[in-house]
Structure formats: structure tokens, C-alpha cells
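Fold and geometry: a report
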Amino acid sequence: MSQITDDCFAFGGPLLRADEALRIIAERTPAVTGQELRALAEAAGHALASDIRARSPSPPHDNAAVDGYAFRGEDLSADSETVLTVAGRAAAGHPHVEPVAGGQAVRIFTGAPMPRGADTVVMQEDIRLEGERLIVPPGLKAGANRRKRGEDITAGRTLLAAGRRIGPAELALAAAGGLDRLPVHRRASVAVVSTGDEITAAGSPLAPGSVYDANAPMLMAMLGRLGVEARHLGIVRDDRKATLEALAEAAEADLVITSGGASTGDEDHVRAAVAELGAVHLWRLAVKPGRPLAFGHVRGTAFVGLPGNPVAVMACFLMFVRPLIDRLEGAAPVPLRRWPVRAGFSATSKPDRLEWLRGTLSVKGGELVANRYPKQGSGIVHSLTDSDGLIEIPEEMTAIAEGDRLGFISFREALA
């Protein structure tokens, strides 16, 4: 008698490891977006198209690190108080133009250029004023509290390498180096297509046997978080001709993403349509959730066929689509951080399969503990909002005991 299984991963045939899938995606995904010069205010989120070098040093001049008084270090007395005469004032943007003579001091504020001849600053909290006489206690070293020209950035230094994704810190560094425009790659355009006779747009009447399209708004939001130009081309019915037409239209973008229709069912036409219009480079991965993921090209445009279940869509987007978009945009992929956690549960896992469990975090004994969400079905959408992220179970791990070390991928960080 044949045995019925409730394991949707029991379908025969070879499955591709996740790391091998990422290797194939990397090899077959060159940067396709063009290059352009953008003002700093418009460069955030883009990837650098070439190395950038500083035009000027930072700071551009020696300056005071504290509020106090600037003077010549050679005037310091080694073992007794130093008496100086206050001869001027210097503030940021308002330098003291006269040179500082021996025995003189200039009132100075943080960031103000050091007056000519001065190389030392005493903090205002450490001095004593007697009329125009400034009393400096013993113990201060010559050169104290002075920031030197080019201490942070020297002119001509490489600030950032090609492929670096531009964020707030990168913009600050470029500006400090005197740059006002950056050579960057254009952001990618992405076409999203939902598939399936049973799929209905949210807000429309729900026919018997139909479900609302939860994947499209989630995908559009995740793509929006990444900053790409995304369009949802609607829902395509389970029809070969309609699928071919939709994919051909979508191929005008830099990346085509579909949800559903890439499995083994008779009404799943996406994979066959991609093969007809281009090529399928990989299909069916040794991962859970997300086994029926496909990657290929449609008329020269990169294509990713995501599963139909929302949990699998989010997991596969984070693990495979994010690095793919990085490569399309010429950005150096940054792996998702795996936070070290202790397992707060015990479980078993199939060998040679990478698995992601939704879970929540707590702190116990000063360590992060990950607890498995009780319902792990790929269609349990509320598990995404009730969880903090994904607990990663490596391929070689077949049994998880409470207290075992695992990696945890935070939704908040991954979707930032």
C-alpha cells in the first residue's frame, strides 16, 4: 500500500543548496543599471560606480578640540604655573588673524582654527583669570587639545570603494572630503507580477475558493524599503498565453519578480513561460520555507519566481532577492547579520536542508534566547507580525536541543 505524506518537501529529485543558489545568482547577475553623477542630497541609497577620493583634507586646518585658550607650547613652565596675557579671540568661522607672540594666549572655541604660532589649548575649566592675566596650572603638555590638519582625511585619500552603498555616514564622509557629487549606479526598476486563478486583490469581493493577494503589498513594501523603483503589474491568471504576455511586458524592467506559479502543478505556468522567453538557471532549493524558488532571465532581464505562500515569499526575498538587487545595482552584497542566540526549544530538522523558523527573542541570563513560533506553516501570515525574525537551522543540524547556539536574522534589521 502506498503511503501518504503531509511533507510538501518529499517530492523527488535533486534540490540545490542555498549557498550554491547564491553562487549561481552572483555569477549570472552583472550590474545592469547605468551610471550617473548625483548631488550628495540625491545620492543616498545608490551604489558607488567608482572609487571616490578626497579633494581636500579634513579638518582643513589645525583647530581647537575644546573651548579654552590657545598659546605656544614652548611657553609652558614645567613645574609651576604659567602666566599668559589674553590677546584676542577665535571662534569657528571667525579666526584670529594675528600671530600669537610669546607670553600671549587667545580665547578659542571648539572647532576654531588655531592662530598662527599657537599649538596648545588649555581647557577653560582648568584655568584661572586675574584681569587680563591667564593662569595655567602645571601638568599640561605642549600640543594638547589640538586637532591637526588632515587628522581625519588627507587630500587624495580613497574615501570609499566602488560598490559601497551610500548611506548617511558615507554622505558625511564625502562632504568632509570636499565632494559635492558622486558617481553612482542608477537604482533598479522592478516589475512585480502576482499569479493564480485563486488570487484576488485586497478589497475586491472574494469568490469561493479564492484568497486575497497578501504577497503583492508585502513585496512592494520591501522593495520600497530598498529604495528601488517598483511597479505591480497586477494578477495574471493560470493561463500560458496570459503568463507569456505578462512576463514579456514585465521584462522591460531590470528585474521581474513573480509570486506563485513556479511549482509542479498543472496550472503553474510561470517556469515554462520563463524557459520559453529566456532561460531558467535554477529551480527547487533545499530550503524551508521556499523550496519552489526559480531564478532565470526573461528576454535578458533577471527573473525570480517566488513561492506562493507569504512566509516563503518574505524569507526568500530576504535571502535571495536582496543580494540579487545589490548585484543589479553594482553594490557589494552585505550578508544579513546572524545574531548569536541560544535555542529556547528543541526540534528536529531534515539533513541537507537549510531551514528558517519564525521566532521571538527574549533575554535570559544575559543572553539572547530564541523561541520558536508555535505555528510554522508557510501560509500563517500573522506569524510574520508576531515574530521578531528568523531562526536559522544549518543544513548539517538535524536535532536542536534547548541551549544550542543558532543564528537569528532580525526582521527589523533585515527590512531597515
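Residues numbered from 1 in each chain as written. Predicted model: local features only at pLDDT ≥ 70, side-chain atom pairs only at ≥ 80, totals over all residues. Heavy atoms only, no water.

On to the layout of surface pockets. Roughly 510 Å³ of volume is contained in the second largest pocket. Along its surface, the second largest pocket is lined by 20 residues, and Arg165, Leu226, Arg322, Val334 and Ala416 are the ones closest to its centre. Elements represented by at least two residues in the lining of the second largest pocket include exactly α3 (215–226), α6 (310–328), β28 (405–410) and α8 (411–414). A total of three residues in the lining of the second largest pocket trace back to one element, the largest contributor, which is α6. Its residues assigned to classes, the lining of the second largest pocket shows ten nonpolar, two polar and eight charged. (1 Å grid on protein atoms, 1.4 Å probe; cavity = no way out; pocket = protein on both sides within 12 Å on 5 of 7 lines; lining within 4 Å. Points joined across faces, edges and corners; volume = space filled by probe spheres on them. Helix = DSSP H or I, 4+ residues; strand = E, 2+ residues; numbered from the N terminus. Nonpolar A, V, L, I, M, F, W, Y, C, P; charged D, E, K, R; others polar.)

The subject of this paragraph is the environment of proline 374. For proline 374, the position within the fold is in the loop between β25 (367–372) and α7 (382–386). Along the sequence, proline 374 and phenylalanine 303 sit 71 residues apart, while their C-alpha atoms lie 34 Å from each other.

What follows covers the pattern of salt bridges. This structure, assessed with the given rule, holds 24 salt bridges. The partner of glutamate 42 in a salt bridge is arginine 38, with the nearest N and O atoms 3.9 Å apart. A salt bridge links glutamate 170 to arginine 164; the shortest N-O distance between them is 2.9 Å. Salt bridges linked by common partners bring Glu81, Arg128, Glu130 and Arg133 together as one network. (Salt bridge = Lys/Arg side-chain N within 4 Å of Asp/Glu carboxyl O.)

This paragraph deals with the nonpolar core. Ranked by internal contacts, the top residues of the largest apolar core, which has 44 residues, are Leu255, Leu306 and Phe320. At the level of elements, α1 (18–27), β13 (189–195), α3, β17 (255–259), β21 (301–306), α6, β24 (354–364) and α8 are the ones that each hand at least two residues to this core. With 13 residues, α6 is the largest single contributor of residues to this core. Those residues in contact with leucine 306 that lie beyond four places of it in its chain are Leu219, Ile257, Thr258, Ser259, Gly260, Leu293, Val313, Cys316, Phe317 and Val321. Among the nonpolar cores identified, the runner-up in size contains 17 residues, and Leu247, Ala250, Ala251 and Ala253 belong to it. (Core = buried A, V, L, I, M, F, W, Y, C linked by side-chain atoms within 4.5 Å. Buried < 20%, exposed > 50% of the residue type's maximum accessible area, 1.4 Å probe, protein only. Contact = heavy atoms within 4.5 Å.)

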